[in-house]
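So you can see what is in the structure, the chains are spelled out below.
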Amino acid sequence: MKKFLLIMVAVLGMAVGAQAQRAQFQIGYGGYTQMDNSDMHDGGKVNNAWGALTAGVNFKVAPSFYLGASYTFSSASFKHSDDNVYYHVLMLNGRYNYYRNSIVTLYGHLGIGVDISHVTYGDDSVNKCYFAFQASPLGAEVGLSRSASIFGELGYGAQGLLQVGFRFNL
């Protein structure tokens, strides 16, 4: 896991150095995540989670390609107990714009990373690591101004089946 995180930091460092003036900050919400659908909580039955909040930064490294990192947070409670699970997801993301006009940009998004599930059992707790990903073949971004836009993505992974949010050009 340390090697993966070091590679992610190195790639982001190269992207920041190459195109520092083309940074883009994003924040979004996604529903029905990878964590809801798979056992990423050390066993047991959980209630469906409320979704996932994601914050990330992207850097334009080519005319139609963005590279960046994101952090996603989600949580759920176990059925019939007061125990909880908290999901912390760090991912390296790539986004390719495949169609653009003056208003809308259509793109595909792929992210890979690690999910750190923090499970609490009363006074005890345990951390587990799992592979996390996001595959969104259909994404749309609509510019509101030169510095702000809204986006929506359909896909599957740690950031949700349907993700919506805002992007800000820095």
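Owing to the predicted nature of the structure, the values given are computational and were not obtained by experimental measurement.

Enquirer: Lay out the pairing of strand 5 (residues 104-121) in plain terms, naming residues and giving numbers.
Expert: Bridge analysis of strand 4 (residues 84-100) against strand 5 gives 16 bridges, and the strand direction is antiparallel. If you follow arginine 100 over to strand 5, its bridge partner there is threonine 105. Where strand 4 hands over to strand 5, the hairpin turn is made up of 3 residues, counted between the paired strands. Alignment of strand 5 against strand 6 (residues 124-143), held across 17 bridges, turns out to be antiparallel. By the bridge assignment for strand 6, leucine 106 is matched with alanine 140.

Enquirer: If you had to explain a nonpolar patch on the surface to someone new, which residues and values would you point to?
Expert: A surface patch of nonpolar side chains, amounting to about 1,000 Å² of accessible area, comprises Tyr32, Val61, Phe65, Tyr96, Tyr98, Tyr99, Leu138, Leu154, Leu161, Leu162 and Val164. Elements with a contribution of two residues or more to the nonpolar patch: strand 4 and strand 8 (162-169). Residue contributions to the nonpolar patch peak at 3 residues, all from strand 4. Its place among the elements puts valine 164 in strand 8. Taking relative accessible area as the criterion, valine 164 reaches 42% and is therefore assigned partly exposed.

Analysis parameters
Residues numbered from 1 in each chain as written. Predicted model: local features only at pLDDT ≥ 70, side-chain atom pairs only at ≥ 80, totals over all residues. Heavy atoms only, no water. Pairing = 2+ DSSP bridges. Helix = DSSP H or I, 4+ residues; strand = E, 2+ residues; numbered from the N terminus. Patch = residues over 30% accessible without salt bridge, like charges linked within 9 Å, V, L, I, M, F, W, Y side chains within 5 Å. Areas by Shrake-Rupley, 256 points an atom, 1.4 Å probe, with all protein chains shown as cover. Salt bridge = Lys/Arg side-chain N within 4 Å of Asp/Glu carboxyl O. Buried < 20%, exposed > 50% of the residue type's maximum accessible area, 1.4 Å probe, protein only.

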